[in-house]
Amino acid sequence: MPDAEAAARSRRAMTSTTSTPSLSSLPPLAPSLAGDPLSPRRGFGQTSRRGAWWGVPLGTFVVLGTFIVYATWAAFQGAHYTFGPYLSPFYSPELWGPSPHAWFGPKPTWWPEGVPFSAALLILWAPGGFRLTCYYYRGAYYKAFWADPPACAVGEPRKSYLGENALPLIAQNLHRFFLYLALLFLVFLWHDVWKAFWFDDGAGGTRFGLGVGTLVLALNTFLLSGYALGCHSLRHLVGGRIDQLSKAPAQRRAWSCVSCLNTRHMKWAWASLFSVMLADLYVRLCSMGIWTDWRIL
Ligand code: FES
């Protein structure tokens, strides 16, 4: 019997040391942890970070905000978006419009009366939607524009997390479809670059040439290509969905190329944002006679 009692005591001891205590039985947090910045209950802006964590979201707010204001203004102008063989990327492709670049002629008859017409308004929703739903930009503007959170390990001004599974943020899942459109737009933009080499010869024809505007449009399209071809959705499309990439050499090569661009996706995103704005500005200033396009050839 003493052996049986000892065995029972041993079992009780083992049970008490190996069972998991319930949460309610845990002691309350020590007072020193109550305001811990890693606590999920930290208040808006509360953090233990010592550096200027607000610098990046503030810079994002200023730069992205400037771009949005400029692009909206430029899109509503409906004028000064072409100069010689150059076409502003904000207006490409020009489906309907007054310039010789228009595919289907001038302003369509079905355009509503009283609504200002601009060729850019017909197409800018596609590249705009692509950028708006970009995985990188989401991370940037969620922080900069509605502090969700303002930065890593910094308290945000709300208590619940709704994610991207309800309106309106569920629309972010359209990114892959915007990608298909963006790839199509790249074809149009490279075609614009090709056309930017052909200048009026003064006799009703064209002749090959090279202007600073040609280089501006080519650089912009190169940067836009680097941005779009490094897209996370494209990476998945060309190889990420395959279980054994080693057995699909073509997809593996494509996946490696996209991955190479993808590692610097943020840099491509910002560089192409600046370039597309500057390309429009360049064409606009030349068209308005404020800037002179220097011909190299
Ligand atoms: Fe940025 Fe697709 S993730 S463009």
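Basis of the calculations
- Residues numbered from 1 in each chain as written.
- Predicted model: local features only at pLDDT ≥ 70, side-chain atom pairs only at ≥ 80, totals over all residues.
- Heavy atoms only, no water.
- Phe/Tyr/Trp six-rings, centres within 6.5 Å; stacked < 30°, edge-to-face > 60°.
- Helix = DSSP H or I, 4+ residues; strand = E, 2+ residues; numbered from the N terminus.
- Lys NZ or Arg CZ within 6 Å of the ring centre and 35° of its normal.
- Core = buried A, V, L, I, M, F, W, Y, C linked by side-chain atoms within 4.5 Å.
- Buried < 20%, exposed > 50% of the residue type's maximum accessible area, 1.4 Å probe, protein only.
- Contact = heavy atoms within 4.5 Å.
- pLDDT = per-residue confidence, 0-100.
- Expected span 1.5 Å × (residues − 1).
- 1 Å grid on protein atoms, 1.4 Å probe; cavity = no way out; pocket = protein on both sides within 12 Å on 5 of 7 lines; lining within 4 Å.
- Points joined across faces, edges and corners; volume = space filled by probe spheres on them.
- Nonpolar A, V, L, I, M, F, W, Y, C, P; charged D, E, K, R; others polar.

J.: What's the story with the packing of aromatic side chains in this structure? I'm lost.
T.: Scanning all chains against the criterion turns up 27 aromatic pairs. Ring geometry for W96 versus W110: centroids 5.4 Å apart, planes at 90°, classification edge-to-face. Residue W96 is located in the loop between strand 2 (86–87) and helix 3 (119–123), and its partner W110 is located in the loop between strand 2 and helix 3; the two are separated by 14 residues in the primary sequence. Here the aromatic residues W96, W103, F104, W110, W111, F117, F185 and F188 are joined through ring pairs into a cluster of three or more. A cation over an aromatic ring shows up here: R138 above the ring of Y135, its NZ or CZ 4.3 Å from the ring centre. Cation over ring: R295 sits above F199, and NZ or CZ is 3.8 Å from the ring centre.

J.: Honestly, the nonpolar core in this entry has me stumped. Any pointers?
T.: Soluble, globular proteins show a tendency: their nonpolar side chains are buried together. In this structure, F67, F90, Y91, F130, Y136, Y137 and Y227 are the most contacted members of the largest nonpolar core, which totals 39 residues. Counting only elements with at least two residues in this core, the list comes to helix 2 (55–77), helix 3, helix 5 (135–146), helix 6 (175–195), helix 7 (212–228), helix 8 (232–240) and helix 10 (265–287). Aside from chain neighbours lying at most four places away, what touches Y227 is F130, R131, C134, Y137, H265, W268, A269 and S272. Formed by 9 residues, the second largest nonpolar core is a distinct cluster that contains A279, Y282, V283 and C286.

J.: Looking at this structure, how should I read the environment of G59?
T.: Looking at the element boundaries, G59 is found in helix 2. It is 8.2 Å that separates the C-alpha atoms of G59 and A144, two residues lying 85 residues apart in sequence.

J.: Even after reading the chapter, I still don't get the confidence of the model for the chain, so can you show me in this structure?
T.: Should the pLDDT be low somewhere, the predicted coordinates at that spot are not to be read in detail. Mean pLDDT over the chain works out to 89, with 86% of the residues at or above the 70 mark. Low confidence marks residues 13–21, where pLDDT is under 50. Its contacts with residues over four positions away, or in another chain, come to 0 contacts. Under a pLDDT of 50 for its full length, residues 26–35 has, in the predicted model, 2 contacts with residues more than four places off or in other chains.

J.: It is not clear to me how helix 2 should be interpreted in this structure. Could you clarify?
T.: Along an α-helix, residues three or four positions apart point the same way, because every turn accommodates 3.6 residues. For helix 2, which comprises 23 residues, the first-to-last C-alpha distance of 33 Å matches the rise-based estimate of 33 Å (1.5 Å per residue) to within 8%. Among the residues making up helix 2, those that are buried are P57, T60, L64, G65, F67, Y70, A71, A74 and A75. Buried residues in helix 2 make contact with helix 3, helix 5 and helix 10. At the exit of helix 2 stands G78, carrying a positive phi of roughly 65°.

J.: Got a minute to help me understand the layout of surface pockets in this structure?
T.: Sizing a probe to match a water molecule and rolling it over the atoms shows the empty space that remains. Considering only enclosed or pocket space, the largest pocket measures out at about 730 Å³ in volume. Taken together, 31 residues line the largest pocket, and the ones lying closest to its centre are F67, P127, G128, G129 and R131. Top contributing element to the lining of the largest pocket by residue count: helix 4 (residues 125–132), with 7 residues. In terms of residue class, the lining of the largest pocket is built from 26 nonpolar, 4 polar and 1 charged.

J.: Explain the side chain of S275 here, please?
T.: Here S275 lies in helix 10. Classification of S275 as buried rests on a relative accessible area of 10%.

J.: For this particular structure, what's the right way to read unusual backbone geometry?
T.: One can expect most non-glycine residues to show negative phi and most peptide bonds to be in trans. Going from S92 to P93, the amide bond is cis rather than trans, its omega being 5°. With an omega dihedral of -10°, the bond running from D148 to P149 counts as a cis peptide bond. Relative to the helices and strands, P149 resides in the loop between helix 5 and helix 6. One non-glycine residue with positive phi stands out, namely H80, at about 55°. As for its position among the elements, H80 is in the loop between helix 2 and strand 1 (82–83).

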